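Here is what each chain is made of, one letter per residue.
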Amino acid sequence: MMRDIFNGMPADSLGDDGWERPWSGPNGGSCVEAKRVDDGRVAVRQSSDPTGPALICTVAAMAGFVEGAKNGLADFLL
């Protein structure tokens, strides 16, 4: 596993364990995966490209996103 965790790093450098698909749907296997990394932040990747770039978010940023989505602020994406 890589020592430095940064936005855009190869997601597979964060290891294979711990990736979850909480937003999985009937879309042919193209899911968003997330995991908590060693320093407490949250990594997000595209399941169809597990070696592609990872987006690294603070817990506060992820909490804000989830809360906003629950309140309809991401509805424009649909």
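From a predicted model like this one, the values you see are computed outputs, not experimental measurements.

I'd like to hear about the pairing of strand β1 (residues 32–36), residue by residue, with values.
Note that β1 and strand β2 (residues 42–46) share 5 bridges and pair antiparallel. Bridge pairing in β2 links E33 to R45. In this structure, the hairpin formed by β1 and β2 is closed by a connection of 5 residues, where G40 is found at a positive phi of approximately 100°.

So what's going on with the nonpolar core? Residues and values would help.
Core analysis: the biggest nonpolar cluster contains 9 residues, these being I5, M9, A11, L14, W19, V37, A43, A54 and I56. When residues no more than four places from it in sequence are discounted, the contact partners of V37 are I5, L14 and A43.

Any details on the side chain of R45? Residues and values, ideally.
Mapping R45 onto the fold places it in strand β2. Overall, the relative accessible area of 10% leaves R45 in the buried class. Within the structure, the side chain of R45 is placed 3.4 Å from the backbone oxygen of P50, a separation counted as a polar contact. Those residues within four positions of R45 in sequence are excluded, and the remaining contacts are A11, W19, C31, V32, E33, P50 and P53.

Before we move on, could you go through the environment of P50 and cite the residues and values that matter?
Here P50 is to be found in the loop between β2 and β3 (55–57). For the pair P50 and D16, spaced 34 residues apart in the sequence, the C-alpha separation amounts to 9.1 Å. Ignoring anything within four residues of it in the chain, the contact list for P50 reads A11, D12 and R45.

Conventions and cut-offs
- Residues numbered from 1 in each chain as written.
- Predicted model: local features only at pLDDT ≥ 70, side-chain atom pairs only at ≥ 80, totals over all residues.
- Heavy atoms only, no water.
- Pairing = 2+ DSSP bridges.
- Helix = DSSP H or I, 4+ residues; strand = E, 2+ residues; numbered from the N terminus.
- Core = buried A, V, L, I, M, F, W, Y, C linked by side-chain atoms within 4.5 Å.
- Buried < 20%, exposed > 50% of the residue type's maximum accessible area, 1.4 Å probe, protein only.
- Contact = heavy atoms within 4.5 Å.
- Polar contact = N/O pair within 3.5 Å; in protein donor to acceptor, adjacent residues only side chain to side chain.

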